[in-house]
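# Report on the structure
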Amino acid sequence: MSEDKDFLYDDSEAVKFIKNYLPEDIKNKFNDDDINYIIDLIYDFYDSEGLMDGDDDKDIEINEEKLISYVVKNALSDGVGKYEADDISFIVQGELEYCDSIGMFE
């Protein structure tokens, strides 16, 4: 990911986008801090998998099941909460859609 693309990412806009993306029954389960925390875990996962190494020419394949499992496991071990994998899946999808909407994957 180049520095120009990093600059486009706005945490508060990402949270707003994700909250709008979530179905109503899930939206009320997460506050802004929860979503920010989950976004941090998503990027921790990307880093741990070597997906943030900066090779823009390499196609990136994200194992969503592994990512969701990582978020659920770390949230529980950090004492933040016990999240359902299906709920986290919507947040992951929302975050990916936000990135796509700002042209981060171009």
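Look up a bit, the structure's there.
Overview of the structure.

## Observations regarding the overall build of the protein chain
Looking only at helices and strands, the protein chain features 6 helices and 0 strands. Element order for the protein chain, N to C, with α for helix and β for strand: α-α-α-α-α-α. The contacts in the protein chain between residues at least 6 apart in sequence include a share of 67% that link residues at least 24 apart.

## A word on the pattern of salt bridges
Applying the stated rule across the entire model yields 5 salt bridges. Of the charged contacts in the structure, one is a salt bridge between K27 and E24, with a shortest N-O distance of 3.2 Å. Of this pair, K27 and E24 both sit in helix α3 (residues 24-27), 3 residues apart, which is roughly one turn of that helix.

## Remarks on helix α5 (residues 64-77)
Along an α-helix, residues three or four positions apart point the same way, because every turn accommodates 3.6 residues. In this model, α5 (14 residues) spans 20 Å end to end at C-alpha, consistent with the 20 Å of a helix rising 1.5 Å per residue. Those residues of α5 that sit buried are L67, I68, V71, N74 and A75. For α5, the angular spread of buried residues about the axis comes to 140 degrees, placing them on one side. Those residues of α5 that are exposed and aimed more than 90 degrees away from the buried face are E65, K73, L76 and S77. In the core, the buried residues of α5 are packed alongside α4 (32-48) and α6 (85-101). Its side-chain oxygen placed 3.2 Å from the backbone nitrogen of E65, N63 serves as the N-cap of α5.

## Overview of the packing of aromatic side chains
Across all of its chains, the model carries 7 aromatic pairs by this definition. Taken together, the ring pairs connect Y9, F17, Y43, F45, Y46, Y70 and Y98 into an aromatic cluster.

The rules behind the values
- Residues numbered from 1 in each chain as written.
- Predicted model: local features only at pLDDT ≥ 70, side-chain atom pairs only at ≥ 80, totals over all residues.
- Heavy atoms only, no water.
- Helix = DSSP H or I, 4+ residues; strand = E, 2+ residues; numbered from the N terminus.
- Contact = heavy atoms within 4.5 Å.
- Salt bridge = Lys/Arg side-chain N within 4 Å of Asp/Glu carboxyl O.
- Expected span 1.5 Å × (residues − 1).
- Buried < 20%, exposed > 50% of the residue type's maximum accessible area, 1.4 Å probe, protein only.
- Arc of directions from axis to C-beta.
- Polar contact = N/O pair within 3.5 Å; in protein donor to acceptor, adjacent residues only side chain to side chain.
- Phe/Tyr/Trp six-rings, centres within 6.5 Å; stacked < 30°, edge-to-face > 60°.

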